[in-house]
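What the coordinates show
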Amino acid sequence: MKLIEFLKRLEKIAPVSLSDDFCKKYGMYDNSGIIINSEETVNGALFSLDLSLEAVRKARLCGYNLIVTHHPAIYGGISRISSADPVAQCLKSGISVISMHLNFDVAPEGIDYHLMRGLGGKDAKILADVENGGYGRVYGISRAEFKDYIESIKKEFSTDKIIGYGDEEREVKKVASFCGAGCDEKAISFAVSNGADVFVSSDMKHHEICALLERGVNVIHLTHYSAENYGFNKIYLKIRKDLSVPSDYFADGNLL
């Protein structure tokens, strides 16, 4: 299978144009699509949230010449690169790379959607919408004490790397969630104005956590990896039978 044909299989979930449309509408930047093209026929694909050295080693071990990532293998300009860099290792090994970033985030059943589902939500109000999908959600959940809700998330997301802020005895019933580094003043205002009891995101700054607590919203801080690996894996499990080549999934246990 040619690389462009494999990309078309992935785009059945979320075309790269979805990322382009989202960036144009909300003034953002992305770099999704074919990042490294080895010009070889695809013989197998490894899915990994990041292009890491461990992911490259895993692809080599499997004998695969394609890695599909969520986070772009190259995001901005590159001024220097060493032979130990994962990009250089891919070029040396004849491994192509496709990155599906914002389009996988905002797809109707994308990573932000799956974060909501993992947190117990079904139907949501969306902050930034695009083509029946979008980013940033507020939704109802089954009532639970905050401390019990945190424990359920640890189990669902297979991680202990969660920090909860706020009254642990508080009953929570409405959640605002944003995959990746999704906390800013607009997201905070969206959560507060829609009556969220809990705000869930990653890579949050101290002043943002303080602002939420001062407005009466508890906070759950997930690692960026665990928050997005959850949905990326769900997408992989959905499409792997349609790939027509062998595939595998790499999850970095050090980051979960």
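Before any of the text, the structure's been laid out above.
Along each chain, residue indices are assigned from 1 in the same order as the chain's sequence is written. Owing to the predicted nature of the model, reporting of local features is limited to residues with pLDDT of at least 70; listing and counting of side-chain atom pairs is limited to 80 or more, with chain, interface and lining totals taken over all residues. To get the side-chain values, all heavy atoms of the structure are used, and hydrogens and water are removed first.

**Description of helix α9 (residues 206-214)**
A simple rule labels every residue: compare its accessible area, found with a 1.4 Å probe on the protein chains alone, to the largest value its type can have, and call it buried under 20%, exposed over 50%, or partly exposed in between. A run of H or I in DSSP counts as a helix once it spans at least four residues, and a run of E counts as a strand once it spans at least two, with each numbered from the N terminus. Taken residue by residue, α9 has Glu208, Ile209, Ala211 and Leu212 as its buried positions. Angularly, the buried residues of α9 cover 160° about the axis, an arc narrow enough to put them on a single face. Residues His206, His207 and Glu214 are exposed on α9 and point more than 90 degrees away from its buried face. The contact criterion used is simple: two residues touch if any of their non-hydrogen atoms lie within 4.5 Å. Looking at the buried side of α9, the elements it contacts are β7 (162-165), α8 (185-193), β9 (198-202) and β10 (218-222). Following α9 by one or two positions, glycine 216 has its phi on the positive side, about 85°. The arc in question is the one traced by the directions running from the helix axis out to the C-beta atoms.

**Some words on the packing of helix α3 (residues 53-62) against helix α4 (residues 86-93)**
In contact at an axis separation of 9 Å, α3 and α4 are set at 20° when each is read in the N-to-C sense. On the basis of their axis angle, the class for α3 and α4 is roughly parallel. For the pair α3 and α4, the crossing hand works out as right-handed. Contacts between α3 and α4 involve Leu53, Val56 and Arg60 on the former and, on the latter, Pro86, Gln89, Cys90 and Ser93. Polar here means any residue other than Ala, Val, Leu, Ile, Met, Phe, Trp, Tyr, Cys and Pro, which are nonpolar, and Asp, Glu, Lys and Arg, which are charged; Gly is therefore polar. Split into classes, the residues belonging to the contact of α3 with α4 amount to four nonpolar, two polar and one charged. Interaxial angles span 0 to 180 degrees and are taken between N-to-C directions of axes, which are lines fitted to C-alpha atoms, for helices over the stretch in contact. Oblique is the label for any angle not covered by the other classes, which are roughly parallel (under 35 degrees), roughly antiparallel (over 145) and roughly perpendicular (65 to 115). Throughout, a crossing is termed right-handed when the near helix is turned clockwise from the far one, and left-handed when it is turned anticlockwise from it by less than a right angle.

**Thoughts on the layout of surface pockets**
Put plainly, a pocket is an open set of points on a 1 Å grid over the protein atoms alone with protein on both sides within 12 Å along at least five of seven lines, a cavity is a set where a 1.4 Å probe fits but cannot get out, and a lining residue has an atom within 4 Å of a point. Grid points are joined across faces, edges and corners, and a volume is the space filled by probe spheres set on the points. Estimates place the volume of the largest pocket at around 410 Å³. If you trace the largest pocket, you find 23 residues lining it, with Phe22, Met28, Tyr135, Ala181 and Gly182 closest to the centre. Only α2 (16-26), α5 (102-106), β5 (125-130), α8 and α10 (224-239) provide two or more residues apiece to the lining of the largest pocket.

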